[in-house]
Amino acid sequence: MHTGPPRRDTDRVTHPETIDEVLVAMDRLLDRTVEENDPLGYFTCVYRTVTARIRDGVRDGEFDDDERMERFDVVFAQRFLDAAEQHRTGRAPSRSWRVALSTPRHSVLVLQHVLVGMNAHINLDLGIAAASIQDGDEIAELRGDFDRLNDVLAEMVDRMQEALGRVSPWTDLMDKVCGGLDEEVAGWSIGRARQRAWELAEQLAAQQADHDRIVDGRDRLVALLGGRLLHPVLLSTRIAVAAAARLERPSVRTVAEALLDPA
């Protein structure tokens, strides 16, 4: 599923330092998930699209501080790449990512696979990444670019749902029946996730000595939200989602192709 120029052995970057290197790492991961039909590929291709859009924005000077935004985006992406590698090698990622990475492919809808990944990455990882880039009172200087990054995430969510509707009609039907599947399934929205992430970033920046305790508490909460996303509270929604998931059978390759070219 590699979408760029042919890769070389030197492209095998372990810890990316630029957004281009992040995209190389994501392409490697996406290739593996497509080959293995691993549901992690659903979130990976959505996130790759977001990352490419951020890279283009940095090149075009869309942010208040483009060099800082590149560092921010790399740190943010590294948390996802680390979680995926930890899971693959039998090590334990955060609780939030364990929920997202341990869900069998056919037990839930493709959209749920994507949203549970977004839940872990935005509600937990985004705030941690922001606080690592700008600490103390200086965190306020990051707010404008933080919001611009989240605008890109929201834009990609809309495009993702349109693309999934073409290759996964059961997801499209469920979204219409439930009046917004992401909201109905878990009370989850990009707007609320953005606000939670910024609150976490401010808390971590102001209370650096309590970093581990704060992160652990947030991780527990986000893992619970992930569980709600996979197992809806409303019985009617839970039954409908389970029935649709049994009928939904798009391969990771099919979904990846639609998400990477959603026009």
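This one's a predicted model, so the numbers in the text were calculated from it and none came from an experiment.

**Re helix α5 (residues 110–133)**
- For α5, spanning 24 residues, the distance from its first C-alpha to its last is 33 Å, which sits close to the expected 34 Å at 1.5 Å a residue.
- The largest bend in α5 comes to about 40°, at D125.
- With respect to burial, α5 is a largely interior element, 23 of its 24 residues being buried.

**Digging into a negative patch on the surface**
- Residues D135, D137, E138 and E141 make up a contiguous surface patch of negative charge.
- Along the chain, E138 falls in the loop between α5 and α6 (143–167).

**A look at the pattern of salt bridges**
- Using the criterion set out here, one finds 20 salt bridges in the structure.
- In this structure, R55 and D20 form a salt bridge, with 3.5 Å as the shortest nitrogen-oxygen distance. Here R55 is found in helix α2 (residues 40–59), whereas its partner D20 is found in helix α1 (residues 19–36), with 35 residues between them in sequence.
- In this structure, the salt-bridge partner of R55 is D56, at a minimum N-O distance of 3.3 Å.

**Quick look at the packing of aromatic side chains**
- What the rule picks out here adds up to eight aromatic pairs.
- Ring geometry for Y47 against F76: centres 5.8 Å apart, planes inclined by 70°, an arrangement best described as edge-to-face. Of this pair, Y47 sits in helix α2 while F76 sits in helix α3 (residues 66–88), and the two are 29 residues apart along the sequence. Comparing Y47 with F76 shows no difference in burial state: the two are buried.
- Ring centres 5.6 Å apart and planes at 75° place the aromatic pair Y47 and F80 in the edge-to-face group. One end of the pair, Y47, is in helix α2; the other, F80, is in helix α3, with 33 residues separating them in the sequence.
- In this structure Y47 comes out as buried when scored by relative accessible area, which is 3%.
- A connected cluster of aromatic rings, assembled from ring pairs, spans F43, Y47, F76, F80 and W97.

Procedures and definitions
Residues numbered from 1 in each chain as written. Predicted model: local features only at pLDDT ≥ 70, side-chain atom pairs only at ≥ 80, totals over all residues. Heavy atoms only, no water. Helix = DSSP H or I, 4+ residues; strand = E, 2+ residues; numbered from the N terminus. Expected span 1.5 Å × (residues − 1). Bend = angle between axes of the 7 residues up to and from the residue. Buried < 20%, exposed > 50% of the residue type's maximum accessible area, 1.4 Å probe, protein only. Patch = residues over 30% accessible without salt bridge, like charges linked within 9 Å, V, L, I, M, F, W, Y side chains within 5 Å. Areas by Shrake-Rupley, 256 points an atom, 1.4 Å probe, with all protein chains shown as cover. Salt bridge = Lys/Arg side-chain N within 4 Å of Asp/Glu carboxyl O. Lys, Arg positive; Asp, Glu negative; His and termini not counted. Charge placed at Lys NZ, Arg CZ, Asp CG, Glu CD. Phe/Tyr/Trp six-rings, centres within 6.5 Å; stacked < 30°, edge-to-face > 60°.

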